[in-house]
Amino acid sequence: QVQLVESGGGLVQAGGSLRLSCVASGRTSSTYAMGWFRQAPGKEREFVAGVRWNAYITRYADSVKGRFTISRDNAKNTVYLQMNSLKPEDTAVYYCAASSYSSVRDTAREYDYWGQGTQVTVSS
């Protein structure tokens, strides 16, 4: 089992920045692909960003390209999501996820482990 714990969410004004962190514990593996998803009220969970196990390949949803950056530190079992130029439509609960695939995946069903989520609220 792998446990994931997110932190860093909060309330920010439009145009501001937040940095989310996700620490993995348990039977962690640096070969897992990691991803961030988000879910707004009344909407389905959607892919935000993912990073391959070696951190050199990343993928982003079109809605966040150029504003968000995903990174990982395998030595610390931690993945980050730097969010800049935040917009009110970025408001959601953000979830960290780990996939036993080594390559980046962008669908929720391809992830095996999930964190509890952290709330991000962007005010206009």
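On a predicted model such as this, the values are computed, not experimentally measured, just so you know.

Thresholds applied
Residues numbered from 1 in each chain as written. Predicted model: local features only at pLDDT ≥ 70, side-chain atom pairs only at ≥ 80, totals over all residues. Heavy atoms only, no water. Buried < 20%, exposed > 50% of the residue type's maximum accessible area, 1.4 Å probe, protein only. Helix = DSSP H or I, 4+ residues; strand = E, 2+ residues; numbered from the N terminus. Pairing = 2+ DSSP bridges. Salt bridge = Lys/Arg side-chain N within 4 Å of Asp/Glu carboxyl O.

Caption draft 1: View of the pairing of strand β7 (residues 68-73). With burial as the criterion, only one face of β7 is covered, namely that bearing Phe68, Ile70 and Arg72; the residues Thr69, Ser71 and Asp73 on the opposite face remain uncovered. Of the strand pairs in this sheet, β7 and strand β8 (residues 78-83) are connected by six bridges, and their pairing is antiparallel. Bridged to Arg72 within β8 is Val79. Taking the residues between adjacent antiparallel strands as the criterion, β7 and β8 are bridged by four residues, where Asn77 takes a positive phi near 50°.

Caption draft 2: Spatial organisation of the pattern of salt bridges. In this structure the tally under the stated criterion is six salt bridges. Note that Arg38 and Glu46 form a salt bridge whose closest N and O atoms lie 2.6 Å from each other. Residue classification places Arg38 among the buried positions, given a relative accessible area of 6%. In this structure, Asp90 engages Arg67 in a salt bridge whose closest nitrogen and oxygen atoms are separated by 2.7 Å. Pair noted here: Asp90 is in the loop between β8 and β9 (92-99) and Arg67 is in the loop between β6 (58-60) and β7, with a separation of 23 residues, a long-range link. Note on Asp90: relative accessible area 0%, which makes it buried.

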